[in-house]
Amino acid sequence: MSHEKTYKMMGQVGGGTLALGIIVLVTGIVMGVLLIVNAARTLRGRNELLF
């Protein structure tokens, strides 16, 4: 009985870890895209500055 509980628990932990990894991956990609867009806007706006 103990081995069955361990087997089920490992499946749940593995599934949770996989889901968390996918969430972290997607969040990282989105943040990278947002940083690139922000950098492009900053560089484009640099030409409009007058000193």
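Please read all numbers here as calculations on a predicted model, not as lab measurements.

### Some details on the overall build of the protein chain
Helix and strand content of the protein chain: 1 helix and 0 strands. For the protein chain, whose C-alpha radius of gyration is 22 Å, the value lies well above the compact-globule estimate of 10 Å for 51 residues. Projected onto its principal axes, the C-alpha positions of the protein chain cover 75 × 15 × 5 Å. The buried share among the 51 residues of the protein chain stands at 0%. Counting only carbon and sulfur atoms, one obtains 72% of the accessible surface of the protein chain, whose full area is about 5,100 Å².

### Remarks on the environment of E48
Relative to the assigned elements, E48 resides in the segment after α1 (2-46). Considered as a pair, E48 and G21 are 27 residues apart in the sequence and their alpha carbons are 41 Å apart.

Conventions and cut-offs
- Residues numbered from 1 in each chain as written.
- Predicted model: local features only at pLDDT ≥ 70, side-chain atom pairs only at ≥ 80, totals over all residues.
- Heavy atoms only, no water.
- Helix = DSSP H or I, 4+ residues; strand = E, 2+ residues; numbered from the N terminus.
- Rg over C-alpha atoms; globule rule 2.2 N^0.38 Å.
- Buried < 20%, exposed > 50% of the residue type's maximum accessible area, 1.4 Å probe, protein only.
- Areas by Shrake-Rupley, 256 points an atom, 1.4 Å probe, with all protein chains shown as cover.

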